Amino acid sequence: MLISRKVLKGIALGTIGIGTLASLRVNEYDLGSIGIVRLGRAAVSVFIIGAHYNSTVYSSTLDKNSQEYLKLKSEAHTFGAKKLLELCCANKGVYIKVGQHVGALDYLLPYEYVSTMRVLHSSAPQSSFKDVLHVLKEDFKKDPYEIFKTIDPIPLGAASLAQVHKAVLKDGTKVAVKVQHRAVKANSYVDIKTMSALVKITSWIFPDFKFEWLVQETKKNLPEELNFIREGENAEKVQELFKNYKWLKIPKVFWDLSTTRILTMEFVEGGQVNDLDYIRKNKLNPFEVSGKLGRLYSHMIFITGFVHADPHPGNVLVKNNHGEAEIMLLDHGLYANLTNEFRWEYSKLWLAILNGDKTAMKTHCTNLGVSDMYGLLACMVSGRTWNTILSGVQKTKYSSSERDIFHREIPNMLPQISEVLQNVDRQMLLILKTNDLMRGIEYTLKTQYRMSSFIEMSKCCIHSVYGERYKQCDNELSRWVLSIAEQWSLFRLTLYYMYLGVIHFDLNKSLDSLWTNDDGYYPL
């Protein structure tokens, strides 16, 4: 398909409209050159992807359940995912952020898109070292080498909005300096408006798919993520909230060397949490790593309501600290601040899922904004099939076949999933992303079969539900009665999981699932 440059420019200008163009001029965006290129590139990419789907999948006369049709659809998804990745890498900034979000929704989007976009979690495009020095000089008002003895020109990692460089202060202290991409803030305002228009057009062409939620979430979260002072405050807040977790390491912030675009932190070393080779070489127990991470996030989601919402493997490091697994949490730019009401409702939904209680699931899903498709939301939350939920997620071990069922069925349910995401309580969106990232880590570590994760989560749910009841108490007697009831619920929970452990423990499978290294090390 050949499209002239004039037509491409027309598509770009037609896509955003007069009102958007006016607002872009207000933001002093260079519409004459870079702006038109970025807008035109985005519009044409959407046009090409849509045209490809229309000429292959939507015009096909094949039986929708045939292997030929499924293969055709998978090939179309792969084509679309590669085009989307090319667009993200070309436009960078907010496009990378959206691409990373897509790459995190392992159980909610077609596998072809998730697997293709996941590369952006660790291999986002980099800014030149010249641009990095320019931002440092601009914000510090002096030559960076008056502050730092050395700055490694090769970044430790690059993300959508910034990249991190190892540096050494004049006194010899090693630090990690996170520097915002030079043009990302100016570009972001245009990108959000462009994406909003493109999504509307896509929804108009394909009315079954509603992805406005993705743009809305990006628009809401972006100002927070672009402010590195807020990121430093988040890091210190989570450090205080979890100061009793001695195995949790949050890098110290150097406030005198931090601005809204620069964050200087303590330099820490470790392996990515999903790096089994590193875990093996350092004689770490993957079950301990997975268990601590699960305990941390259960506490965040159900108890504190302050949730690190970007736990992709590049942001979670681990190391052997005197024989114990130490978890290091990086990148504190994106946090979900959950209201008490949402926490309580979400906790009740999880307890309903764990109990296989359809009536309670429907009630709590309705309270979270989804009623007719409550079963689908329960599956999206738990990452389990509906049959498994009804038979008891605690009693049924998660398997590769169940994961395959998810990946096979998801493409057939995209319209329903997009409708759920469009209608569900906005706070749920970051939680779903976080859940999927955590499940991905567990799957890589081969620890998804362990029942202790359900125990920890169930305990946190009970604490959360009783926390709501405590707030409604108006006298000490009621509090005392509730305290007894809470302890009894926790005791019953322990007995229940002990029962499941005795009755449903498959010795052979459990032995096979034990991980070992070349030295014969087995987890306890």
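Quantities reported herein were computed from a predicted structural model and do not represent experimental measurements.

Caption draft 1: A look at the overall build of the protein. Of the regular secondary structure elements, the protein holds 21 helices and 11 strands. Taking all 524 residues of the protein together, the buried fraction comes to 51%.

Caption draft 2: Representation of the packing of helix H11 (residues 286-304) against helix H12 (residues 340-355). One way to put it is that H11 packs onto H12 with a least axis distance of 8 Å and a crossing angle of 120 degrees. Judged by the angle between their axes, H11 and H12 are oblique. In this structure, H11 contributes Ile301, Phe302, Ile303 and Thr304 to the contact, and H12 contributes Arg343, Tyr346, Ser347 and Trp350.

Caption draft 3: Quick peek at the packing of helix H14 (residues 374-382) against helix H17 (residues 414-423). Where H14 meets H17, the axes come as close as 10 Å, and the angle between the chain directions of the two elements is 85 degrees. As far as their axial angle goes, H17 and H14 are roughly perpendicular. Of the residues in H17, those touching H14 at Leu376, Leu377 and Met380 are Gln416, Ile417, Val420 and Leu421. Grouping the constituent residues of the contact of H14 with H17 by class yields 6 nonpolar, 1 polar and no charged.

Caption draft 4: Looking closely at the packing of aromatic side chains. Taken as a whole and assessed by the stated rule, the structure comprises 9 aromatic pairs. Pairing Tyr53 with Tyr58 gives two aromatic rings, centres 6.1 Å apart and planes at 40 degrees, and the pair type is tilted. By relative accessible area, Tyr53 is classed as buried at 9%. Chaining the aromatic ring pairs together yields one cluster made of Phe242, Tyr245 and Trp247. One Lys or Arg, Lys178, reaches over the ring of Phe228 and ends 5.0 Å from the middle of that ring.

Caption draft 5: Focus on empty space enclosed by the protein. Counting across every chain of the model gives 5 cavities of 30 Å³ or more. The computed volume of the largest cavity comes to approximately 130 Å³. In terms of lining, the largest cavity is formed by 15 residues, of which the most central are Lys97, Leu161, Lys178, Glu225 and Asp331. Within the lining of the largest cavity, the residues separate by chemical class into 5 nonpolar, 4 polar and 6 charged.

Caption draft 6: Examining helix H9 (residues 228-241) more closely. Given a rise of 1.5 Å per residue, 14 residues ought to cover 20 Å, and the 20 Å separating the end C-alpha atoms of H9 matches this to within 8%. Taken together, the buried positions of H9 are Phe228, Glu231, Gly232, Asn234, Ala235 and Val238. Angular distribution of buried residues about the axis of H9 spans 155 degrees; they occupy a single face of the element. Backbone nitrogen of Ile229 and a side-chain oxygen of the N-cap are separated by 3.1 Å at the start of H9; the cap is Asn227.

Caption draft 7: Structural view of the sheet that holds strand E10 (residues 324-329). Taking strand neighbours across the sheet as the criterion, the 4 strands line up as E5-E10-E9-E7 in an open arrangement whose pairing is mixed. Sheet topology places strand E5 (248-249) and strand E7 (271-272) at the edges, where each strand pairs with a single neighbour. By the bridge criterion, 2 bridges tie E5 to E10 in an arrangement that is parallel. Residue pairing across strands places Lys249 opposite Met328, the latter belonging to E10. Of the strands in this sheet, E5, strand E9 (316-321) and E10 touch H11, which is tilted by about 45 degrees from E10.

Caption draft 8: Expanded view of helix H6 (residues 129-140). With 12 residues, H6 should cover 16 Å at 1.5 Å per step; its first-to-last C-alpha distance of 16 Å lies within 8% of that length. Buried within H6 we find Phe129, Val132, Val135, Leu136, Asp139 and Phe140. Viewed along the axis of H6, the buried residues span an arc of 120 degrees, placing them on a single side of the element. Pointing more than 90 degrees away from the buried face of H6 are the exposed residues Lys130 and Lys137. For H6, the secondary structure elements touched by its buried residues are strand E1 (148-151), strand E3 (162-169), strand E4 (174-180) and strand E6 (262-266). Looking one or two places after H6, you find Lys141, whose phi comes out positive at around 60 degrees.

Caption draft 9: The pairing of E4, seen in detail. The element E4 is extensively covered by neighbouring structure, given that 6 of its 7 residues are classed as buried. Both E3 and E4 contribute to a ladder of 7 bridges, which runs antiparallel. If you follow His165 over to E4, its bridge partner there is Val177. The turn linking E3 back onto E4 is made up of 4 residues, and Gly172 within it adopts a positive phi angle of 95 degrees. As paired strands, E4 and E6 are joined by 5 bridges and run antiparallel to one another. In the sheet register, Val175 faces E6, and the bridge partner there is Glu266.

Caption draft 10: Just unusual backbone geometry, in detail. Backbone geometry at Lys141 places phi at a positive 60 degrees, although glycine is not the residue there. Phi is positive for Lys446, which is not a glycine, with a value near 60 degrees. Residue placement: Lys446 occurs in the loop between helix H18 (427-445) and helix H19 (452-471). According to the relative accessible area criterion, Lys446 is partly exposed, its value standing at 49%.

Cut-offs applied
Residues numbered from 1 in each chain as written. Predicted model: local features only at pLDDT ≥ 70, side-chain atom pairs only at ≥ 80, totals over all residues. Heavy atoms only, no water. Helix = DSSP H or I, 4+ residues; strand = E, 2+ residues; numbered from the N terminus. Buried < 20%, exposed > 50% of the residue type's maximum accessible area, 1.4 Å probe, protein only. Axes fitted to C-alpha atoms, helices over the stretch in contact; angles between N-to-C directions. Parallel < 35°, antiparallel > 145°, perpendicular 65-115°, else oblique. Contact = heavy atoms within 4.5 Å. Nonpolar A, V, L, I, M, F, W, Y, C, P; charged D, E, K, R; others polar. Phe/Tyr/Trp six-rings, centres within 6.5 Å; stacked < 30°, edge-to-face > 60°. Lys NZ or Arg CZ within 6 Å of the ring centre and 35° of its normal. 1 Å grid on protein atoms, 1.4 Å probe; cavity = no way out; pocket = protein on both sides within 12 Å on 5 of 7 lines; lining within 4 Å. Points joined across faces, edges and corners; volume = space filled by probe spheres on them. Expected span 1.5 Å × (residues − 1). Arc of directions from axis to C-beta. Polar contact = N/O pair within 3.5 Å; in protein donor to acceptor, adjacent residues only side chain to side chain. Pairing = 2+ DSSP bridges.

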